[in-house]
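Structure assessment
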Amino acid sequence: MERVVIGIALFLAVCAFGKRQPHRAFMHSFVALLLFTWCVSIILPAAAPYFATAFGSHMVIDLLNYKGEQLLWPLRHRFCLRMCESDGFINKALMSIGIVVTVLLLVTSVPAKNALGAVLAHLPG
């Protein structure tokens with residue numbers, strides 16, 4: 001339990017620091033990716049790779065727009081690919097695709113299949 005409390009406290013401390021930074025600066029950097037993943041690994045080690053994948057994919061997707069990210073924070077240089085607006089069609093299409101894929105993954109997951117099997121097993125007939 002002590003490990004979990006320490007991990008959560010560190011996670012919140014990194015969040016508090018990031019909240020005081022400009023948007024897409026520290027919170028969209030490799031330093032933040034490493035620190036947050038480390039905190040998650042303290043709290044729940046098995047979740048760390050999934051967290052890192054989600055955080056990293058968010059950074060990659062944000063690279064597509066016109067607003068630069070300070071990937072190498074604290075260096076001031078910002079990176080972006082200038083392919084779409086953050087509130088434009090491509091952004092909305094990617095979000096919609098992401099939602100559909102997430103729902104499909106959740107519905108077809110082993111826990112969902114097990115839950116459906118348990119419900120069907122208890123139906124009369």
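Residue indices begin from 1 for each chain and proceed along its sequence in written order. In keeping with the model being predicted, local features are shown solely for residues with a pLDDT of at least 70 and side-chain atom pairs are shown and tallied solely at 80 or more, while totals for entire chains, interfaces and linings include all residues. Side-chain descriptors were evaluated using all non-hydrogen atoms of the structure, hydrogens and water having been removed beforehand.

Focus: the nonpolar core
Counting residues in each nonpolar core, the largest one holds 10 residues, listed as Val 14, Phe 26, Ala 32, Leu 33, Phe 36, Cys 39, Phe 55, Met 59, Leu 63 and Leu 71. Only helix 2 (30–43) and helix 3 (48–62) provide two or more residues apiece to this core. The greatest single-element share of this core, amounting to 4 residues, is contributed by helix 2. Sequence-distant contacts of Met 59, that is, excluding residues within four places in its chain, are made with His 28, Ser 29, Phe 30, Leu 33, Glu 69 and Leu 71. Definition used in this section: a nonpolar core is a set of buried Ala, Val, Leu, Ile, Met, Phe, Trp, Tyr and Cys residues joined via side-chain atoms within 4.5 Å. Relative accessibility under 20% of the residue-type maximum defines a buried residue, over 50% an exposed one, and the middle range a partly exposed one, all with a 1.4 Å probe and only protein chains included. Starting at the N terminus, helices and strands are each numbered in turn, a helix being any DSSP run of H or I of at least four residues and a strand any DSSP run of E of at least two. We call two residues in contact whenever any of their non-hydrogen atoms come within 4.5 Å of each other.

Points about helix 2
Every α-helix carries 3.6 residues per turn, so stepping three or four residues along brings you back to the same face. To estimate how far a helix should extend, the number of its residues minus one is multiplied by 1.5 Å. With 14 residues, helix 2 extends 20 Å between its outermost C-alpha atoms, agreeing within 8% with the 20 Å of an ideal straight helix rising 1.5 Å per residue. Listed as buried for helix 2 are Ala 32, Leu 33, Phe 36, Thr 37, Cys 39, Val 40 and Ile 42. Where helix 2 is buried, its residues touch helix 1 (2–19) and helix 3.

Some remarks on a nonpolar patch on the surface
A grouping of Ile 61, Phe 89, Ile 90, Leu 94, Ile 97, Val 101 and Leu 105 is seen on the molecular surface, where their side chains present a nonpolar patch of about 690 Å² in accessible area. Among the elements that line the nonpolar patch, the one with the most residues is helix 4 (residues 89–107), at 6 residues. Owing to a relative accessible area of 44%, Ile 61 belongs among the partly exposed residues under this scheme. Exposure above 30% relative accessible area and the absence of a salt bridge qualify a residue for a patch, where like charges join within 9 Å and nonpolar side chains (Val, Leu, Ile, Met, Phe, Trp, Tyr) within 5 Å. Values of accessible area rely on a 1.4 Å probe in the Shrake-Rupley scheme; residue burial ignores everything except the protein chains shown. Throughout this description, the term salt bridge denotes a Lys or Arg side-chain nitrogen within 4 Å of a carboxyl oxygen of Asp or Glu.

Things to note about the environment of Asn 91
Take Asn 91: it is sitting in helix 4. Judged by its relative accessible area of 29%, Asn 91 is partly exposed. On a C-alpha basis, the gap between Asn 91 and Leu 64 in space is 8.9 Å, while along the polypeptide they are 27 residues apart.

Considering the pattern of salt bridges
Under the definition given, this model contains 1 salt bridge. A salt bridge links Asp 62 to Arg 24, with the nearest nitrogen and oxygen atoms 3.5 Å apart. Here Asp 62, found in helix 3, pairs with Arg 24, found in the loop between helix 1 and helix 2; they are 38 residues apart in sequence, far enough to count as distant. Looking at Asp 62, the relative accessible area reads 11%, which means it is buried.

Concerning the packing of aromatic side chains
Put simply, two rings from Phe, Tyr or Trp (the six-membered ring, in Trp's case) pair if the centres are within 6.5 Å, and we call them stacked under 30 degrees between planes, edge-to-face over 60, tilted for the rest. With the rule as written, the count across this model stands at 8 aromatic pairs. A centroid spacing of 4.9 Å and a plane angle of 85° characterise the contact between Phe 17 and Phe 26, whose relative ring orientation is edge-to-face. Residue class for Phe 26 comes out buried when judged on its relative accessible area of 2%. Between Phe 36 and Phe 51 the ring centres are 6.5 Å apart and the planes differ by 55°, which places this aromatic pair in the tilted class. Of the two residues, Phe 36 sits in helix 2 while Phe 51 sits in helix 3, which places them 15 residues apart along the sequence. Taken together, the ring pairs connect Phe 11, Phe 36, Phe 51 and Phe 55 into an aromatic cluster.

Considerations on the packing of helix 1 against helix 2
Helix axes are fitted only over the stretch in contact, all axes being lines through C-alpha atoms; the angle between N-to-C directions runs from 0 to 180 degrees. Where helix 1 contacts helix 2, the axes come no closer than 7 Å and their chain directions differ by 160°. In terms of orientation, helix 1 and helix 2 fall into the roughly antiparallel class. Between helix 1 and helix 2 lies a crossing of left-handed hand. On helix 2, the residues touching Arg 3, Val 4, Gly 7, Ile 8, Leu 10, Phe 11, Val 14 and Cys 15 of helix 1 are Leu 35, Phe 36, Trp 38, Cys 39, Val 40, Ile 42 and Ile 43. Think of it as three bins: nonpolar holds Ala, Val, Leu, Ile, Met, Phe, Trp, Tyr, Cys and Pro, charged holds Asp, Glu, Lys and Arg, and polar takes everything else, Gly as well. Each residue belonging to the contact of helix 1 with helix 2 can be placed in one class, and the counts come to 13 nonpolar, 1 polar and 1 charged. Any angle between 65 and 115 degrees counts as roughly perpendicular, while under 35 counts as roughly parallel, over 145 as roughly antiparallel, and the rest as oblique. Left-handed describes a crossing in which the near helix is turned anticlockwise from the far one by less than a right angle; the clockwise case is right-handed.

Coordinates in, geometry out; function isn't part of it.
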